[in-house]
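# Topology and contacts: notes
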Amino acid sequence: EGKIRQGSRNEVLNVKMSPAPPLVSPLVAHLSELGNTKWLAEFRQATTLFFKLPSAEQGTDAISEDAMARTLQVLKETDGELTHLQYDDKGLVGIAAWGLMRNTHEDDADRAVAALQSLAPTFDKHLAVSTSKVLSGFLGAGDYHQFALISEGVNRAAALAMRGDALIDAAT
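Attention here is on the structure that accompanies the text. The structure presented is a predicted model; accordingly, all values stated were derived computationally and were not measured.

Regarding its fold elements, the protein presents 5 helices and 8 strands. Reading the secondary structure of the protein in the N-to-C direction produces β-β-α-β-α-α-β-β-α-β-β-α-β. Within the span of the protein, comprising 172 residues, buried residues form 40% of the whole. Considering only intrachain contacts with a sequence separation of at least 6, the fraction spanning at least 24 residues in the protein is 65%. Total accessible area on the protein stands at roughly 10,200 Å², and carbon and sulfur atoms take up 53% of it.

Relative to strand 8 (residues 167-168), strand 6 (residues 127-141) runs parallel, the two sharing 2 bridges. Residue pairing across strands places V129 opposite I168, the latter belonging to strand 8.

Grouped together as the largest cluster of nonpolar side chains are 19 residues, with contacts concentrated most on L49, F51, L92, W98, L119, F123 and L127. Among the elements of the structure, strand 3 (41-54), helix 3 (61-78), strand 5 (91-98), helix 4 (108-119) and strand 6 are those that each provide at least two residues to this core. If sequence neighbours within four positions are ignored, F123 has contacts with F51, K52, L53, A67, T71 and L92. Core analysis: the second largest hydrophobic core is formed by 16 residues, A97, L100, F147 and L160 among them.

What follows is about the pattern of salt bridges. One pass over the full model with this rule turns up 4 salt bridges. R156 is the partner of E152 in a salt bridge, and the nearest nitrogen-oxygen pair spans 3.2 Å. Separated by 4 residues within a single helix, E152 and R156 lie in helix 5 (residues 152-161), roughly one turn from each other. Looking at E152, the relative accessible area reads 62%, which means it is exposed.

The buried count for strand 5 comes to 8 of 8 residues, which makes it a mostly enclosed element. Across 7 bridges, strand 4 (residues 81-88) lies against strand 5 in antiparallel orientation. Residue pairing for strand 5: L85 is matched across the bridge by G94.

What counts and how
Residues numbered from 1 in each chain as written. Predicted model: local features only at pLDDT ≥ 70, side-chain atom pairs only at ≥ 80, totals over all residues. Heavy atoms only, no water. Helix = DSSP H or I, 4+ residues; strand = E, 2+ residues; numbered from the N terminus. Buried < 20%, exposed > 50% of the residue type's maximum accessible area, 1.4 Å probe, protein only. Contact = heavy atoms within 4.5 Å. Areas by Shrake-Rupley, 256 points an atom, 1.4 Å probe, with all protein chains shown as cover. Pairing = 2+ DSSP bridges. Core = buried A, V, L, I, M, F, W, Y, C linked by side-chain atoms within 4.5 Å. Salt bridge = Lys/Arg side-chain N within 4 Å of Asp/Glu carboxyl O.

So, in structure tokens, the structure goes:
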């Protein structure tokens, strides 16, 4: 059981928390197993897919669960890595990538575009693909760190996805 504070009255509710399977990318799991995550980062050419399912459009959490199941299926089919996932009051937001360590193909951009085309109906076209040089690795300190992708391309994909159409940048 978990305790959740609700509303301005700070009511505490007892809520049964269902155990969820860990959602850890095989790449992140591999890097974590190597031990010292403080210095594991690299620059490399990668193609990123940014997707968003706005909360105002989803209606129920079941839609988000269906969207995630479909996303994981498409990423498996195209050999993409889910590198970021967040669900909050703004909706479901995620970043996937092709071309990262242990997962590079000559046709990474084509794989990302195929994923975009497969997922466009699921995310009501709030997704975009971009290719650029990225810094991929762990950010953080001490016991808290997370895997991140940093690049102009990731930011460009996020901006394109907010336009509400399935878009692909010129570099891809």
